[in-house]
Amino acid sequence: MTYTPPPLPPPYTNTSPPPTLLTQGAEAHLYKTSYLTPTTPAALKIRPSKPYRHPILDKRLTRQRILQEARCLVKLVREGVSVPAVLALDYEGQSENNNGGAWLLMEWIEGLVVRVVFERWEAFMKCSGELGGKELEREEKKVRGLMRGIGGVVGGLHRAGVIHGDLTTSNLMLRGLSSGEGEGSPGMEGDVVLIDFGLASQSISEEDRAVDLYVLERAFGSTHPRAEKFFEHVLEGYQGSYKGAHITLKRLQDVRMRGRKRSMIG
Amino acid sequence: MTSSLESIQLPHLPASLPIHVALYRDVQNAPFLRQQLISGNADFEYAFIDASSVLSRTHALSAVFRAVNDYLNERLKSRNVHSEIVFSFSPTNNIADSFRKFGISDSTKDLLVVKVSTAPEITHESVAAHLAQSVEGTPAPFNDETLSRIADITKIKKAYKLGSLNVAPAGQTNGANDSGKKLLENSLLGAIAIRGAT
């Protein structure tokens, strides 16, 4: 049986060729489509309505969540943090004929997610066995650079007063890398771009910021064991990125001791 | 003269709704055109935009896209899709204010005209013919190069309350300025997209 995604909300029923489905999560579907000209790519995030929810509640939740995401992105773009720009938005969703869905159209980021970059790097390190001192140093230098870049972007995000809420290596992209099957060691230059603000919120509390970093640290530990030991360079990049960064880093020590749920709610 | 009118089919919008856009420089009869809007002359149902408030082609078409989408969903806040296009440039919900900031004024010299084919009799030819006899100005291509010569960056930043945004002043068109312009453009698109979300 093949999976059929829910019908597209208007105006995307007119789109030719139709948007292509890239991924889906519990709450949203992500498509690739175009904006303003047929050759300008764009990412379309659709939050379909949930038939099992009461229609009024469904509309409110969908609206609230897509707006939260859009507001965070618009704010970050204005602050110069590297995130996809918001191109267009419809938070109402069409309620009438049931093919509902609020949607968010975003700038297309060409590149690779950091998870894939590290997977390739780890595969490369594994199959090339023992590297000579010089090559090893070159490889590690690249990783340290990328780690500092990640720290800098997360710092910029926190400086702007936004918490990502789901920092993993799948939600970080490296702009400009080609997706071609890389045999050798992957490139690690380019801007780090934060994506997927579906769980983002606005906050300037150091606890929330520290938890954001802690989640990222754990994500590294569980998905990239070889790269984990370089995580300190993320914190190094973070350190200098805004004024209160050292307070957040101090708080991170506490969070490590107890886990991310201090409030014990939820 | 008809060659100055560009007809655009925007992705996602129905093929039956092409957008017609024309840019004029050195317009001589702005007070007359504005008067037609005020008196509600149906022959002059256009979006007349002061081009000095327009940063780029993408900026203008984003406002058009939002207005036409709201039109298709029967969510217009103003009288028709053409007034809605002017309103869609605005980051706020104040319609009168949006016309003051983005619409034609008596002193407008550079004018962007947008018309949506909301009825089958509105065609490239009919719009081109009517504009040719109504607008006293010099047709110019609707592209970023021309718009960047017209755009008043200070005015645009003020209208969108982006005073602190780090963008080099107008007039400079070197490579280092491109990222600044992109940042400004992206900020405008975001403001247009989330307008009305309180």
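Cut-offs applied
For every chain, the first residue of its written sequence is number 1, and the numbers climb from 1 along that sequence. The lettering of chains begins at A and the numbering of ligands begins at 1, in the order of writing. At least 70 in pLDDT is required for a residue's local features to be given in this predicted model, at least 80 for side-chain atom pairs to be given and counted, and no such filter applies to totals for whole chains, interfaces and linings, which use all residues. For two strands to be treated as a pair, DSSP must find no fewer than two bridges joining them. Helical segments are the DSSP runs of H or I of at least four residues, strand segments are the runs of E of at least two, and each set is numbered from the N terminus. Between the N-to-C directions of two axes lies an angle of 0 to 180 degrees, each axis being a line fitted to C-alpha atoms and, for a helix, fitted only over the stretch in contact. By definition, residue pairs are in contact when their C-beta atoms, positioned from the backbone, come within 7 Å. Expected helix span is computed as 1.5 Å times (number of residues minus one). Here the word oblique covers every angle except those under 35 degrees (roughly parallel), over 145 (roughly antiparallel) and from 65 to 115 (roughly perpendicular). By definition, turning the near helix anticlockwise from the far helix through less than a right angle yields a left-handed crossing, and turning it clockwise yields a right-handed one. Amino acid classes used here: Ala, Val, Leu, Ile, Met, Phe, Trp, Tyr, Cys and Pro are nonpolar; Asp, Glu, Lys and Arg are charged; the rest, including Gly, are polar. Between the buried cut of 20 or more and the exposed cut of 12 or fewer other C-beta atoms within 10 Å of a residue's own C-beta lies the partly exposed class, and all C-beta atoms are placed from the backbone. Directions from the helix axis toward the C-beta atoms define the arc.

## A short note on the sheet that holds strand β9 (residues 192–194) of chain A
Residues and elements named next belong to chain A.
Reasoning step 1: Sheet architecture is open: three strands sit in the order β6-β8-β9, paired in antiparallel fashion. Only two strands of the sheet have a single neighbouring strand rather than two, namely β6 (111–113) and β9. The mean angle between the axes of side-by-side strands here comes to 30 degrees, regardless of whether they run parallel or antiparallel.
Reasoning step 2: Alignment of strand β8 (residues 172–175) against β9, held across three bridges, turns out to be antiparallel. Note that in β9 the partner of leucine 174 across the bridge is valine 192.
Reasoning step 3: On the sheet, helix α2 (residues 114–127) packs against β6 and β8 and is oriented at approximately 80 degrees with respect to β6.

## Section: helix α4 (residues 206–223) of chain A
Given 3.6 residues per helical turn, the α-helix brings residues three or four places apart onto the same face.
Reasoning step 1: Relative to the 26 Å expected for 18 residues at 1.5 Å per residue, α4(A) spans 26 Å between its end C-alpha atoms, a close match to the ideal helical length.
Reasoning step 2: On its buried face, α4(A) is in contact with α3 (133–159), β7 (162–163), α5 (225–228), α6 (231–239) and α7 (245–258) of chain A.

## Quick notes on the sheet that holds strand β3 (residues 37–47) of chain A
Residues and elements named next belong to chain A.
Reasoning step 1: Reading across the sheet, the five strands line up as β1-β2-β3-β5-β4 and stay open at both edges, with antiparallel pairing between neighbours. Only two strands of the sheet have a single neighbouring strand rather than two, namely β1 (20–24) and β4 (86–90). The average undirected angle you get between the axes of adjacent strands in this sheet is 25 degrees.
Reasoning step 2: As paired strands, β3 and strand β5 (residues 102–107) are joined by six bridges and run antiparallel to one another. Residue pairing across strands places isoleucine 46 opposite tryptophan 103, the latter belonging to β5.
Reasoning step 3: Here helix α1 (residues 55–78) sits on the sheet and contacts β3, β4 and β5; the angle it forms with β5, its principal contact strand, is near 20 degrees.

## Here's the deal with the packing of helix α2 (residues 57–72) of chain B against helix α3 (residues 81–88) of chain B
Residues and elements named next belong to chain B.
Reasoning step 1: Running from N to C, α2 and α3 point in directions that differ by 135 degrees, and their axes come no closer than 8 Å. Put simply, α2 runs oblique to α3. Of the two elements, α2 crosses α3, and the hand of that crossing is right-handed. Packed against α2, whose contacting residues are Ala63, Val64, Arg66, Ala67, Val68, Asp70 and Tyr71, the element α3 presents Val81, Glu84, Ile85 and Ser88 at the interface.
Reasoning step 2: In terms of residue class, the contact of α2 with α3 is made up of seven nonpolar, one polar and three charged.

## A word on the packing of α3(A) against α6(A)
Residue and element names in this part refer to chain A.
Reasoning step 1: Contact geometry of α3 with α6 gives a least axis separation of 6 Å together with a crossing angle of 45 degrees. As far as their axial angle goes, α6 and α3 are oblique. The two elements α3 and α6 cross, and the hand of that crossing is right-handed. Facing Arg144, Met147, Arg148, Gly149, Ile150, Gly151, Gly152, Val154 and Gly155 of α3, the residues of α6 in contact are Phe231, His233, Val234, Leu235, Glu236, Gly237 and Tyr238.
Reasoning step 2: Within the contact of α3 with α6, the residues separate by chemical class into seven nonpolar, six polar and three charged.

## Some remarks on the environment of B:Lys155
Residues and elements named next belong to chain B.
Reasoning step 1: Here lysine 155 lies in helix α7 (residues 153–159).
Reasoning step 2: Between the C-alpha atoms of lysine 155 and serine 53, which are 102 residues apart in sequence, the distance is 6.8 Å.
Reasoning step 3: Sequence-distant contacts of lysine 155, that is, excluding residues within four places in its chain, are made with Ser52 and Ser53.

## What about α6(A)?
Residue and element names in this part refer to chain A.
Reasoning step 1: Those residues of α6 lying buried are Phe231, Val234, Leu235, Gly237 and Tyr238. Around the axis of α6, the buried residues are gathered within 160 degrees of arc, so they sit on the same side.
Reasoning step 2: Tucked into the core, α6 has its buried residues touching α3, α4, α5 and α7.

## Some remarks on unusual backbone geometry
What you tend to see is this: most non-glycine residues have negative phi, and most peptide bonds are trans.
Reasoning step 1: Residue A:Pro10 is joined to A:Pro11 through a cis peptide bond whose omega torsion reads 5 degrees.
Reasoning step 2: Along the chain, A:Pro11 falls in the segment before β1.
Reasoning step 3: Geometrically, the link from A:Ser16 to A:Pro17 is a cis peptide bond, its omega value of -5 degrees lying close to zero.
Reasoning step 4: The backbone of B:Glu74 sits at a positive phi, close to 55 degrees, despite the residue not being glycine.
Reasoning step 5: Following the sequence through the fold, B:Glu74 ends up in the loop between α2 and α3.
Reasoning step 6: A tally of 6 C-beta atoms within 10 Å means that B:Glu74 is categorised as exposed.

This is a description of form; function is not addressed.
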